[in-house]
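Chain by chain, the residues run as shown.
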Amino acid sequence: MNRDSLTIETPAGPVHATAGPLQDDAVVFELNGAMRGQVHVTGTHHPQHWDRFTAVRACLGPVNAYQDTAPDEALPRLTRGRTGYRGSLKLYSDVVGRPEVSVYPMETAAGHELSPKTAATLTAVLRGCAEHVMQREDLPAILTASRQRDTPALLRFLAWSAAHHQAEAARLEAKARAARPALRAAVAAWWTAARWFTACPHPALLLMLADYPGSLSRAVAVEQWRGPYFRTTAAREHEYARRAQTEASSLRAQARARSSARASRSAAADQARHEARQTSERIHHDSPTPDPSPGVACWQATPGAPPHAPTERSDHALVDESG
(Lines give C-alpha, C1' and ligand atoms only; values in the text may rest on other atoms or scores of the structure.)
Protein backbone atom coordinates (compact mmCIF):
# COMPACT_ATOMS: atom_id res chain seq x y z
CA MET A 1 0.00 0.00 0.00
CA ASN A 2 1.18 3.56 -0.68
CA ARG A 3 2.97 5.09 2.27
CA ASP A 4 0.52 8.03 2.07
CA SER A 5 -2.49 5.74 2.45
CA LEU A 6 -3.71 3.78 5.43
CA THR A 7 -6.63 1.59 6.42
CA ILE A 8 -8.28 2.20 9.79
CA GLU A 9 -10.45 -0.47 11.35
CA THR A 10 -13.53 1.04 13.00
CA PRO A 11 -16.81 -0.26 14.48
CA ALA A 12 -18.51 0.91 11.27
CA GLY A 13 -16.05 -0.98 9.05
CA PRO A 14 -12.67 -0.21 7.47
CA VAL A 15 -11.97 3.39 6.51
CA HIS A 16 -9.34 4.15 3.86
CA ALA A 17 -7.50 7.45 4.35
CA THR A 18 -5.22 8.94 1.69
CA ALA A 19 -2.92 11.83 2.60
CA GLY A 20 -2.84 14.76 0.22
CA PRO A 21 0.23 16.92 -0.42
CA LEU A 22 1.71 18.84 2.49
CA GLN A 23 -0.02 22.22 2.91
CA ASP A 24 2.77 24.09 4.72
CA ASP A 25 1.48 23.34 8.24
CA ALA A 26 -1.05 20.56 7.66
CA VAL A 27 -1.97 17.35 5.87
CA VAL A 28 -5.53 16.71 4.66
CA PHE A 29 -6.71 13.11 4.35
CA GLU A 30 -9.37 11.97 1.90
CA LEU A 31 -11.64 9.30 3.42
CA ASN A 32 -13.22 6.36 1.64
CA GLY A 33 -14.80 3.12 2.73
CA ALA A 34 -17.03 3.29 5.80
CA MET A 35 -16.64 7.10 5.91
CA ARG A 36 -16.60 9.81 3.28
CA GLY A 37 -15.07 13.24 3.63
CA GLN A 38 -11.82 14.72 4.90
CA VAL A 39 -9.70 14.97 8.05
CA HIS A 40 -7.34 17.91 8.65
CA VAL A 41 -4.18 17.22 10.70
CA THR A 42 -1.82 19.96 11.84
CA GLY A 43 0.78 20.58 14.53
CA THR A 44 -0.04 22.05 17.92
CA HIS A 45 1.39 22.61 21.38
CA HIS A 46 1.54 20.05 24.17
CA PRO A 47 -1.55 20.24 26.43
CA GLN A 48 0.57 21.07 29.50
CA HIS A 49 3.17 23.24 27.78
CA TRP A 50 2.04 26.13 25.61
CA ASP A 51 5.55 26.71 24.25
CA ARG A 52 6.30 23.13 23.20
CA PHE A 53 5.01 22.16 19.76
CA THR A 54 5.27 18.39 20.04
CA ALA A 55 1.66 17.33 19.39
CA VAL A 56 -0.68 17.02 16.41
CA ARG A 57 -4.37 17.82 16.23
CA ALA A 58 -6.79 16.07 13.89
CA CYS A 59 -10.09 17.79 13.02
CA LEU A 60 -13.11 16.43 11.21
CA GLY A 61 -13.42 18.35 7.96
CA PRO A 62 -11.05 19.96 5.45
CA VAL A 63 -9.90 22.87 7.65
CA ASN A 64 -8.36 23.57 11.04
CA ALA A 65 -11.45 23.78 13.24
CA TYR A 66 -9.62 26.08 15.65
CA GLN A 67 -9.22 28.70 12.94
CA ASP A 68 -12.04 28.13 10.48
CA THR A 69 -15.50 26.59 10.47
CA ALA A 70 -16.18 24.08 7.75
CA PRO A 71 -19.65 24.31 6.16
CA ASP A 72 -22.02 21.49 7.04
CA GLU A 73 -21.85 20.01 3.56
CA ALA A 74 -18.05 19.67 3.83
CA LEU A 75 -18.12 17.64 7.06
CA PRO A 76 -17.32 13.90 6.93
CA ARG A 77 -20.17 11.41 6.99
CA LEU A 78 -20.67 7.72 7.42
CA THR A 79 -21.11 6.13 4.00
CA ARG A 80 -24.61 4.95 4.88
CA GLY A 81 -25.69 8.22 6.49
CA ARG A 82 -26.28 11.85 5.67
CA THR A 83 -25.27 13.46 8.97
CA GLY A 84 -22.07 15.49 9.10
CA TYR A 85 -19.87 15.40 12.20
CA ARG A 86 -17.66 17.88 14.02
CA GLY A 87 -14.91 17.20 16.53
CA SER A 88 -11.18 16.98 17.06
CA LEU A 89 -8.49 14.97 18.79
CA LYS A 90 -5.00 15.81 20.05
CA LEU A 91 -2.21 13.23 20.05
CA TYR A 92 0.93 13.77 22.12
CA SER A 93 3.48 11.92 24.28
CA ASP A 94 3.48 11.78 28.07
CA VAL A 95 6.53 12.28 30.28
CA VAL A 96 7.84 8.78 29.51
CA GLY A 97 7.11 8.92 25.79
CA ARG A 98 3.86 6.96 25.73
CA PRO A 99 1.20 8.23 23.30
CA GLU A 100 -1.71 10.03 24.92
CA VAL A 101 -4.94 11.21 23.34
CA SER A 102 -7.26 14.07 24.29
CA VAL A 103 -10.63 13.84 22.56
CA TYR A 104 -12.63 17.03 22.34
CA PRO A 105 -16.43 16.97 22.23
CA MET A 106 -17.81 15.44 19.05
CA GLU A 107 -21.30 16.13 17.80
CA THR A 108 -23.42 16.23 14.70
CA ALA A 109 -23.55 19.32 12.53
CA ALA A 110 -26.85 20.11 14.26
CA GLY A 111 -25.23 19.88 17.72
CA HIS A 112 -26.65 16.51 18.77
CA GLU A 113 -24.79 13.91 20.79
CA LEU A 114 -23.36 10.85 19.06
CA SER A 115 -24.11 7.22 19.66
CA PRO A 116 -21.25 5.27 21.28
CA LYS A 117 -20.60 3.40 18.03
CA THR A 118 -20.37 6.58 15.96
CA ALA A 119 -18.17 8.29 18.56
CA ALA A 120 -15.82 5.28 18.57
CA THR A 121 -15.67 5.31 14.76
CA LEU A 122 -14.81 9.00 14.55
CA THR A 123 -12.23 8.69 17.32
CA ALA A 124 -10.54 5.78 15.56
CA VAL A 125 -10.36 7.68 12.27
CA LEU A 126 -8.97 10.84 13.86
CA ARG A 127 -6.41 8.89 15.85
CA GLY A 128 -5.31 6.86 12.83
CA CYS A 129 -4.71 10.00 10.77
CA ALA A 130 -2.92 11.72 13.67
CA GLU A 131 -0.62 8.73 14.25
CA HIS A 132 0.21 8.64 10.53
CA VAL A 133 1.32 12.29 10.59
CA MET A 134 3.34 11.68 13.77
CA GLN A 135 5.42 9.15 11.82
CA ARG A 136 6.05 11.33 8.75
CA GLU A 137 9.56 12.46 7.92
CA ASP A 138 8.35 16.02 7.42
CA LEU A 139 6.75 16.24 10.89
CA PRO A 140 9.44 18.74 12.09
CA ALA A 141 8.54 21.06 9.21
CA ILE A 142 4.82 20.77 10.07
CA LEU A 143 5.48 21.55 13.75
CA THR A 144 7.74 24.49 12.88
CA ALA A 145 5.14 25.99 10.55
CA SER A 146 2.42 25.41 13.15
CA ARG A 147 4.49 27.14 15.85
CA GLN A 148 5.04 30.10 13.57
CA ARG A 149 1.31 30.22 12.82
CA ASP A 150 0.13 30.04 16.45
CA THR A 151 2.82 32.07 18.24
CA PRO A 152 1.14 35.52 17.93
CA ALA A 153 -2.16 34.24 19.35
CA LEU A 154 -0.39 32.27 22.09
CA LEU A 155 1.60 35.33 23.14
CA ARG A 156 -1.61 37.34 23.47
CA PHE A 157 -3.22 34.57 25.50
CA LEU A 158 -0.21 34.14 27.80
CA ALA A 159 -0.03 37.89 28.41
CA TRP A 160 -3.70 37.85 29.40
CA SER A 161 -3.18 34.74 31.54
CA ALA A 162 -0.23 36.25 33.42
CA ALA A 163 -2.15 39.46 34.12
CA HIS A 164 -5.25 37.50 35.20
CA HIS A 165 -3.31 35.30 37.65
CA GLN A 166 -1.44 38.28 39.06
CA ALA A 167 -4.72 40.11 39.68
CA GLU A 168 -6.20 36.99 41.29
CA ALA A 169 -3.13 36.62 43.51
CA ALA A 170 -3.45 40.23 44.64
CA ARG A 171 -7.14 39.72 45.48
CA LEU A 172 -6.40 36.58 47.51
CA GLU A 173 -3.50 38.23 49.34
CA ALA A 174 -5.87 41.07 50.33
CA LYS A 175 -8.31 38.48 51.73
CA ALA A 176 -5.46 36.78 53.60
CA ARG A 177 -4.50 40.11 55.18
CA ALA A 178 -8.12 40.78 56.12
CA ALA A 179 -8.35 37.36 57.75
CA ARG A 180 -5.81 38.29 60.45
CA PRO A 181 -7.87 41.02 62.18
CA ALA A 182 -11.01 38.94 61.63
CA LEU A 183 -9.35 36.05 63.47
CA ARG A 184 -8.29 38.30 66.32
CA ALA A 185 -11.82 39.67 66.59
CA ALA A 186 -13.34 36.15 66.59
CA VAL A 187 -10.94 34.95 69.27
CA ALA A 188 -11.62 38.04 71.40
CA ALA A 189 -15.38 37.50 71.10
CA TRP A 190 -15.01 33.86 72.13
CA TRP A 191 -12.99 34.77 75.21
CA THR A 192 -15.50 37.45 76.13
CA ALA A 193 -18.32 34.90 75.99
CA ALA A 194 -16.17 32.45 77.96
CA ARG A 195 -15.65 35.02 80.76
CA TRP A 196 -19.36 35.76 80.81
CA PHE A 197 -20.11 32.06 81.04
CA THR A 198 -17.59 31.67 83.87
CA ALA A 199 -19.14 34.57 85.76
CA CYS A 200 -22.73 33.58 85.04
CA PRO A 201 -23.27 30.17 83.44
CA HIS A 202 -26.17 30.26 81.01
CA PRO A 203 -27.29 27.81 78.27
CA ALA A 204 -27.26 30.59 75.66
CA LEU A 205 -23.62 31.38 76.43
CA LEU A 206 -22.81 27.69 76.26
CA LEU A 207 -24.32 27.51 72.78
CA MET A 208 -22.20 30.47 71.71
CA LEU A 209 -19.06 28.69 72.88
CA ALA A 210 -19.92 25.28 71.38
CA ASP A 211 -18.71 24.19 67.91
CA TYR A 212 -21.71 24.36 65.59
CA PRO A 213 -22.59 26.45 62.52
CA GLY A 214 -22.94 30.10 63.47
CA SER A 215 -21.30 29.82 66.88
CA LEU A 216 -18.31 31.85 68.08
CA SER A 217 -16.23 28.69 68.19
CA ARG A 218 -17.03 27.92 64.54
CA ALA A 219 -16.22 31.53 63.56
CA VAL A 220 -12.76 31.16 65.11
CA ALA A 221 -12.19 27.87 63.24
CA VAL A 222 -13.27 29.44 59.92
CA GLU A 223 -10.99 32.45 60.34
CA GLN A 224 -8.10 30.17 61.28
CA TRP A 225 -8.67 28.31 58.00
CA ARG A 226 -9.22 31.37 55.79
CA GLY A 227 -5.83 33.00 56.26
CA PRO A 228 -3.61 30.02 55.32
CA TYR A 229 -5.99 29.03 52.51
CA PHE A 230 -5.88 32.47 50.86
CA ARG A 231 -2.10 32.69 51.22
CA THR A 232 -1.59 29.23 49.69
CA THR A 233 -3.99 29.96 46.83
CA ALA A 234 -2.32 33.33 46.17
CA ALA A 235 1.07 31.61 45.96
CA ARG A 236 -0.39 29.17 43.44
CA GLU A 237 -1.72 32.06 41.34
CA HIS A 238 1.73 33.68 41.40
CA GLU A 239 3.20 30.40 40.16
CA TYR A 240 0.67 30.27 37.31
CA ALA A 241 1.59 33.84 36.35
CA ARG A 242 5.32 33.05 36.40
CA ARG A 243 4.74 29.97 34.27
CA ALA A 244 2.77 31.97 31.69
CA GLN A 245 5.55 34.58 31.57
CA THR A 246 8.21 31.87 31.20
CA GLU A 247 6.35 30.18 28.35
CA ALA A 248 5.82 33.52 26.62
CA SER A 249 9.54 34.26 26.92
CA SER A 250 10.29 30.83 25.45
CA LEU A 251 8.01 31.46 22.48
CA ARG A 252 9.61 34.84 21.84
CA ALA A 253 13.09 33.28 22.05
CA GLN A 254 12.07 30.61 19.54
CA ALA A 255 10.71 33.30 17.21
CA ARG A 256 13.98 35.24 17.48
CA ALA A 257 15.96 32.07 16.76
CA ARG A 258 13.89 31.41 13.63
CA SER A 259 14.34 35.01 12.50
CA SER A 260 18.10 34.81 13.10
CA ALA A 261 18.30 31.52 11.21
CA ARG A 262 16.43 33.03 8.26
CA ALA A 263 18.74 36.04 8.31
CA SER A 264 21.78 33.78 8.40
CA ARG A 265 20.52 31.73 5.46
CA SER A 266 19.78 34.91 3.52
CA ALA A 267 23.24 36.31 4.30
CA ALA A 268 24.86 33.04 3.25
CA ALA A 269 22.92 33.07 -0.02
CA ASP A 270 23.93 36.68 -0.65
CA GLN A 271 27.56 35.84 0.07
CA ALA A 272 27.45 32.87 -2.30
CA ARG A 273 25.98 35.04 -5.06
CA HIS A 274 28.63 37.72 -4.43
CA GLU A 275 31.46 35.17 -4.58
CA ALA A 276 30.05 33.64 -7.75
CA ARG A 277 29.87 37.09 -9.35
CA GLN A 278 33.45 37.84 -8.34
CA THR A 279 34.64 34.50 -9.73
CA SER A 280 32.87 35.16 -13.01
CA GLU A 281 34.39 38.62 -13.30
CA ARG A 282 37.89 37.30 -12.52
CA ILE A 283 37.59 34.56 -15.13
CA HIS A 284 36.43 37.09 -17.68
CA HIS A 285 39.30 39.43 -16.81
CA ASP A 286 41.99 36.72 -16.98
CA SER A 287 40.91 35.24 -20.33
CA PRO A 288 43.02 36.35 -23.47
CA THR A 289 41.59 39.23 -25.44
CA PRO A 290 40.93 38.28 -29.09
CA ASP A 291 42.73 40.22 -31.95
CA PRO A 292 40.52 43.20 -32.82
CA SER A 293 41.32 42.75 -36.56
CA PRO A 294 41.36 39.00 -37.15
CA GLY A 295 41.36 39.43 -40.93
CA VAL A 296 44.79 41.17 -40.92
CA ALA A 297 47.75 38.75 -40.95
CA CYS A 298 51.50 39.51 -40.68
CA TRP A 299 53.77 38.18 -43.39
CA GLN A 300 55.43 35.76 -40.98
CA ALA A 301 52.15 33.87 -40.69
CA THR A 302 52.15 33.16 -44.45
CA PRO A 303 54.52 30.38 -45.57
CA GLY A 304 56.63 31.29 -48.62
CA ALA A 305 56.02 35.03 -48.36
CA PRO A 306 58.91 37.36 -49.53
CA PRO A 307 61.26 38.30 -46.73
CA HIS A 308 60.35 42.00 -46.94
CA ALA A 309 56.71 41.72 -47.88
CA PRO A 310 54.79 44.47 -46.15
CA THR A 311 51.83 43.74 -43.97
CA GLU A 312 48.41 44.65 -45.25
CA ARG A 313 47.85 48.32 -44.75
CA SER A 314 45.81 51.07 -46.17
CA ASP A 315 46.88 52.68 -49.46
CA HIS A 316 47.82 55.84 -47.62
CA ALA A 317 50.37 53.99 -45.48
CA LEU A 318 52.01 52.47 -48.60
CA VAL A 319 52.23 55.86 -50.26
CA ASP A 320 53.88 57.30 -47.14
CA GLU A 321 56.55 54.62 -47.08
CA SER A 322 57.39 54.95 -50.81
CA GLY A 323 57.65 58.64 -50.66
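Residues numbered from 1 in each chain as written. Predicted model: local features only at pLDDT ≥ 70, side-chain atom pairs only at ≥ 80, totals over all residues. Heavy atoms only, no water.

Trainee: So what about a positive patch on the surface? Which residues, and what values?
Mentor: A surface patch of like charges, here positive, comprises Arg177, Arg180, Arg184 and Arg231. When residues in the positive patch are grouped by element, the largest group, three residues, is from helix α2 (residues 139–199). Looking at the secondary structure, you find Arg231 in helix α4 (residues 216–286). Exposure remark for Arg231: the relative accessible area of 38% places this residue in the partly exposed category. (Patch = residues over 30% accessible without salt bridge, like charges linked within 9 Å, V, L, I, M, F, W, Y side chains within 5 Å. Areas by Shrake-Rupley, 256 points an atom, 1.4 Å probe, with all protein chains shown as cover. Salt bridge = Lys/Arg side-chain N within 4 Å of Asp/Glu carboxyl O. Lys, Arg positive; Asp, Glu negative; His and termini not counted. Charge placed at Lys NZ, Arg CZ, Asp CG, Glu CD. Helix = DSSP H or I, 4+ residues; strand = E, 2+ residues; numbered from the N terminus. Buried < 20%, exposed > 50% of the residue type's maximum accessible area, 1.4 Å probe, protein only.)

Trainee: I'd like a rundown of the pairing of strand β1 (residues 5–8), residues and numbers included.
Mentor: Alternating positions in β1 separate cleanly, Leu6 and Ile8 being buried on one face and Ser5 and Thr7 remaining unburied on the opposite face. Note that β1 and strand β2 (residues 15–19) share four bridges and pair antiparallel. Residue pairing across strands places Thr7 opposite His16, the latter belonging to β2. Taken together, β1 and the strand that follows it, β2, pair antiparallel across an intervening segment of six residues, in which Gly13 is found at a positive phi of about 120 degrees. (Pairing = 2+ DSSP bridges.)

Trainee: How would you summarise a nonpolar patch on the surface if you had to cite specific residues and measurements?
Mentor: On the surface, a nonpolar cluster with roughly 310 Å² of combined accessible area is contributed by Val222, Trp225 and Tyr229. Topologically, Tyr229 is positioned in helix α4. Of the residues examined, Tyr229 reaches a relative accessible area of 38% and is grouped as partly exposed.

Trainee: Go over the packing of aromatic side chains, please, and point to the residues and values.
Mentor: Across all of its chains, the model carries six aromatic pairs by this definition. Ring geometry for Trp50 against Phe157: centres 4.7 Å apart, planes inclined by 45 degrees, an arrangement best described as tilted. Linking Trp50 in the loop between β4 (35–44) and β5 (55–60) with Phe157 in helix α2, this pair joins segments that are 107 residues apart in sequence. With 6.4 Å between their ring centres and 80 degrees between their planes, Tyr66 and Tyr104 make a pair best called edge-to-face. Of the two residues, Tyr66 sits in the loop between β5 and β6 (77–78) while Tyr104 sits in strand β8 (residues 99–108), which places them 38 residues apart along the sequence. Judged by relative accessible area, Tyr66 falls into the partly exposed class, the value being 47%. By relative accessible area, Tyr104 is classed as partly exposed at 28%. (Phe/Tyr/Trp six-rings, centres within 6.5 Å; stacked < 30°, edge-to-face > 60°.)

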